[in-house]
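Report on the structure
Read off the chains here:
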Amino acid sequence: MGRRAYSEDLRGRVVAEVAAGASRRSAARRFKVSASSAVRWVDCHAETGSLSPRRKRKPRSPLEEHASWLLELIAQEADLTLAEIQQRLLAQRGVRTTDSSIDRFFKRHKGSFKKKESARGRAGPLRRGRGTAKLESRPGAP
């Protein structure tokens, strides 16, 4: 994922090597590409006559159909957690999904939300409770 396609020139040299009588694997070794790539390129050239790489599909999330609803939900209730959004999607829209899918959706749409339910009730910094000075002043302390 994320790798660039090999050039058509390299693909053509591998296919020409196989056409000249070399095996697909030996042509792959000679040009330092994987054997599976050489096999695909030769098969593709035999079927279509083309060496150009296949067009990549744009990944499509099932949440895109509900984009306006999700964005409006976050606009109205900005403090929802991923788990709560997941529950709402299932209850109100009948969409079964994962919290990571929801997270990726909001990253694509530049949304933000609180990630931890424990952060909701906190108004200030965490405190440690009683300090050591108070412990020393208790009766029976050494």
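Refer to the structure above for everything that follows.
Model, not experiment: these values are computed from the prediction.

Another point: the overall build of the chain. Scanning the chain for helices and strands turns up 7 helices and 0 strands. Starting at the N terminus, the α and β elements of the chain follow one another as α-α-α-α-α-α-α. Burial status across the chain gives 25% buried among its 142 residues. Taking as baseline every contact in the chain between residues at least 6 positions apart, the subset at least 24 positions apart corresponds to 51%.

Before going further, it helps to examine unusual backbone geometry. One non-glycine residue, lysine 32, adopts positive backbone phi at about 55°. Mapped onto the fold, lysine 32 is located in the loop between helix 2 (24-31) and helix 3 (35-48).

All told, the structure shown has 6 salt bridges when counted by the stated rule. Among the ionic pairs, glutamate 17 bridges to arginine 30, the shortest N-O distance being 2.5 Å. Highlighted residues: glutamate 17 in helix 1 (residues 8-19) and arginine 30 in helix 2, separated in sequence by 13 residues.

Core analysis: the largest hydrophobic core is formed by 14 residues, its most contacted members being Leu63, Leu70, Ile85, Leu89, Ile102, Phe105 and Phe106. Those elements giving two or more residues to this core turn out to be helix 4 (67-76), helix 5 (82-93) and helix 6 (99-108). The biggest single contributor to this core is helix 4, with 5 residues. Every residue in contact with leucine 70, bar those within four places of it in the chain, is listed here: Leu63, Ile85, Leu89, Phe105 and Phe106.

Mapping threonine 97 onto the fold places it in the loop between helix 5 and helix 6. For threonine 97, a relative accessible area of 13% puts it in the buried group. Those residues in contact with threonine 97 that lie beyond four places of it in its chain are Leu63, Gln86, Leu89 and Ile102.

So, how was this worked out
- Residues numbered from 1 in each chain as written.
- Predicted model: local features only at pLDDT ≥ 70, side-chain atom pairs only at ≥ 80, totals over all residues.
- Heavy atoms only, no water.
- Helix = DSSP H or I, 4+ residues; strand = E, 2+ residues; numbered from the N terminus.
- Buried < 20%, exposed > 50% of the residue type's maximum accessible area, 1.4 Å probe, protein only.
- Contact = heavy atoms within 4.5 Å.
- Salt bridge = Lys/Arg side-chain N within 4 Å of Asp/Glu carboxyl O.
- Core = buried A, V, L, I, M, F, W, Y, C linked by side-chain atoms within 4.5 Å.

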